Amino acid sequence: MADTETMVEHRLDTEGADPLMLAGVNDRNMHELGRLFSVRVVMRGNQLVLKGPLECVERAVPVVQHMIELARLRAPFDTPDIARFADGVDAMGADGIVHPDDEVRIALPGSRRVIVPKSDGQRTYIRAIQSNDVVIGIGPAGTGKTYLAVAAAVDSLYKKRVKRIILARPAVEAGENLGFLPGDLQEKVDPYLRPLYDALEDMMPHERVSRALEDSTIEIAPLAYMRGRTLSDAFVILDEAQNATRAQMKMFLTRLGLNSRVVITGDKTQIDLPNKADSGLLEVEEILGAIDGIEVVYLDGKDVIRHRLVKDIIKAYERGGDGTGE
């Protein structure tokens, strides 16, 4: 622990910042700052005071400045995001934080939410989706591949850039046998499609999701249901694409019709096919990246936005050389 001679106090102006957004519920954000940087954090009127060892305060200042800026713009962030801001500062200094004036925002009027990228990788991913007809997002669990793709799809639907959203997943038996599940075919495959339903219901009112599913404005289906169709005026997402075979991937990509966009998401470390080399994701990564209008975006552990332990879990598996597990 540093001696008292190295202890400093630094004050930051918070005027115009939403105090609840800045401090968090029950001062949760302030506690997180203290935990991450080993400093004491106090809010006094229009000032936020940092007290602690000089080195710790210097590390904390750019993160706190970013939080104040977000709170002034009423741009939402959560307590786990603070650790991500800190990681960016540790890796690249103040330039390692995604600043609001650089962010690509997705406003969802139905839920009154604004979705913003929370890492440089996510920002690159959203910009790629907005600029290309086909985007392939590759990265580990928790990096927001599916969530941000669904957000972009909902945004396009709200703005009438497309007439429908189509969400597909391969129904691969990842260590489980579909035949033993109860119900008809749809009931058997629904568990595989549940993450897509969850993402939609997080962005749209439940009633609107139900209506859209009923009138086929939004369709969620196994990849096999895409065969023989032409998908025009649609935003199409193929999720968990590492479990699509080469033949299935070619079939899917050739469904692309006029005024349609495709986002393919997958994690190369979680291939559940009997022969991993059969994964269509591995093939498209190699052969399509050079085509104009198709962009491959790679996300990694720095882009993980789930529980803070997920990032450590991913790193542990990478060190152990075991790419299995969710």
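From a predicted model like this one, the values you see are computed outputs, not experimental measurements.

S.K.: Would you take a moment to explain the side chain of Thr14 for this structure?
M.R.: When you line up the elements, Thr14 lands in the loop between strand 1 (7-13) and helix 1 (19-23). Taking the relative accessible area as the measure of exposure, Thr14 reaches 4% and is therefore buried. Here the side chain of Thr14 touches Gln47 through a polar contact of 3.5 Å, landing on its backbone nitrogen. The contacts of Thr14, once residues within four sequence positions are left out, are Leu22, Gly45, Asn46, Gln47, Leu48, Ile68 and Arg72.

S.K.: What is the right way to read the side chain of Asp239 from this model?
M.R.: Position of Asp239 among the secondary structure elements: in the loop between strand 9 (234-238) and helix 9 (246-253). What makes Asp239 buried here is its relative accessible area of 2%. A distance of 2.7 Å separates a polar atom in the side chain of Asp239 from a polar atom in the side chain of Arg169. Sequence-distant contacts of Asp239, that is, excluding residues within four places in its chain, are made with Thr146, Ala168, Arg169, Pro170, Leu196 and Thr265.

S.K.: Explain the packing of aromatic side chains to me, please; I cannot follow it from the model alone.
M.R.: Aromatic rings in a pair are described by how distant their centres are and how their planes are angled relative to each other. Considering all chains together, one arrives at one aromatic pair under this definition. Look at Phe77 and Phe85: their rings are 6.3 Å apart centre to centre, the planes differ by 55°, and that puts the pair in the tilted class. Both residues of the pair, Phe77 and Phe85, count as buried.

S.K.: Help me understand the nonpolar core, please; the structure alone is not making it clear to me.
M.R.: Proteins that are soluble and globular tend to have nonpolar side chains buried together. The biggest cluster of nonpolar side chains holds 37 residues, and the ones touching the most others in it are Tyr125 and Val154. Secondary-structure elements contributing two or more residues to this core are strand 4 (106-108), helix 5 (120-131), helix 6 (145-158), strand 7 (164-169), helix 7 (185-203), helix 8 (206-214), strand 8 (218-222) and strand 9. Considering every element that reaches this core, the biggest residue donor is helix 6, with nine residues. Beyond its immediate stretch of four places on either side in the chain, Tyr125 contacts Val135, Gly137, Gly144, Lys145, Leu148, Ala149, Val263, Thr265, Val297 and Leu299. By size, the runner-up hydrophobic cluster in this structure holds 27 residues, among which are Leu48, Ala60, Val64 and Ala86.

S.K.: Would you mind showing me how to read the packing of helix 5 against helix 6 here?
M.R.: To characterise two packed helices, one gives the angle between the axes of the helices and the distance between these axes. At a closest axis distance of 11 Å, the pairing of helix 5 and helix 6 adopts a crossing angle of 35°. By crossing handedness, the relation of helix 5 to helix 6 is classed as right-handed. Contacts from Gln122, Tyr125, Ile126 and Ile129 of helix 5 reach helix 6 at Lys145, Leu148, Ala149 and Ala152. Taken together, the residues that form the contact of helix 5 with helix 6 break down as six nonpolar, one polar and one charged.

S.K.: Before we go on, may I ask you to explain the pattern of salt bridges in this structure?
M.R.: Any two side chains of opposite charge can pair if their charged atoms end up close together. A complete count under the given rule lists ten salt bridges for this structure. Among the ionic pairs, Glu9 bridges to Lys51, the shortest N-O distance being 3.6 Å. Note that Glu9 is positioned in strand 1 and Lys51 in strand 3 (residues 47-53), a separation of 42 residues in sequence. In this structure, the salt-bridge partner of Glu219 is Arg229, at a minimum N-O distance of 2.8 Å. With Glu219 in strand 8 and Arg229 in the loop between strand 8 and strand 9, the pair connects residues that are ten residues apart, well separated along the chain. Accessibility expressed as a relative area gives 23% for Arg229, which makes it partly exposed.

S.K.: Can you walk me through the confidence of the model for the protein chain in this structure?
M.R.: Low pLDDT marks regions whose predicted coordinates should not be analysed in detail. Averaged over all residues, the pLDDT of the protein chain equals 83, while 83% of them reach at least 70. Here helix 11 (residues 308-320) stands out as the element of the protein chain with the lowest mean pLDDT, 70, in contrast to strand 6 (residues 134-138), whose mean of 96 is the highest. Segment residues 173-185 is flagged for pLDDT under 50; beyond a separation of four residues in sequence, or across chains, it makes 14 contacts in the model.

S.K.: Just to check I follow, could you spell out unusual backbone geometry for this structure?
M.R.: Most peptide bonds take the trans configuration, and most residues that are not glycine carry a negative phi. Residues other than glycine seldom take positive phi values, yet Ser216 does so here, at roughly 65°. The topology assignment puts Ser216 in the loop between helix 8 and strand 8. We note that Asn259 has phi near 55°; this positive angle belongs to a residue other than glycine. Position of Asn259 among the secondary structure elements: in the loop between helix 9 and strand 10 (261-266).

S.K.: Just checking my understanding: could you explain helix 5 for this structure?
M.R.: Compared with the 16 Å implied by 1.5 Å per residue over twelve residues, the 17 Å span of helix 5 between its first and last C-alpha is a close match. By the burial criterion, the buried members of helix 5 are Gly121, Gln122, Arg123, Tyr125, Ile126, Ala128 and Ile129. Buried residues along helix 5 sit against strand 4, strand 6, helix 6, strand 9, strand 10 and strand 11 (294-298).

S.K.: Which parts of the structure should I look at to understand the environment of Gln65?
M.R.: Looking at where Gln65 falls in the secondary structure, it is placed in helix 3 (residues 54-73). Judged by relative accessible area, which is 44%, Gln65 ranks as partly exposed. Along the primary structure Gln65 and Leu48 are separated by 17 residues, whereas in three dimensions their C-alpha atoms are 9.8 Å apart.

About the criteria used
- Residues numbered from 1 in each chain as written.
- Predicted model: local features only at pLDDT ≥ 70, side-chain atom pairs only at ≥ 80, totals over all residues.
- Heavy atoms only, no water.
- Helix = DSSP H or I, 4+ residues; strand = E, 2+ residues; numbered from the N terminus.
- Buried < 20%, exposed > 50% of the residue type's maximum accessible area, 1.4 Å probe, protein only.
- Polar contact = N/O pair within 3.5 Å; in protein donor to acceptor, adjacent residues only side chain to side chain.
- Contact = heavy atoms within 4.5 Å.
- Phe/Tyr/Trp six-rings, centres within 6.5 Å; stacked < 30°, edge-to-face > 60°.
- Core = buried A, V, L, I, M, F, W, Y, C linked by side-chain atoms within 4.5 Å.
- Axes fitted to C-alpha atoms, helices over the stretch in contact; angles between N-to-C directions.
- Left-handed = near helix turned anticlockwise from the far one by under 90°.
- Nonpolar A, V, L, I, M, F, W, Y, C, P; charged D, E, K, R; others polar.
- Salt bridge = Lys/Arg side-chain N within 4 Å of Asp/Glu carboxyl O.
- pLDDT = per-residue confidence, 0-100.
- Expected span 1.5 Å × (residues − 1).

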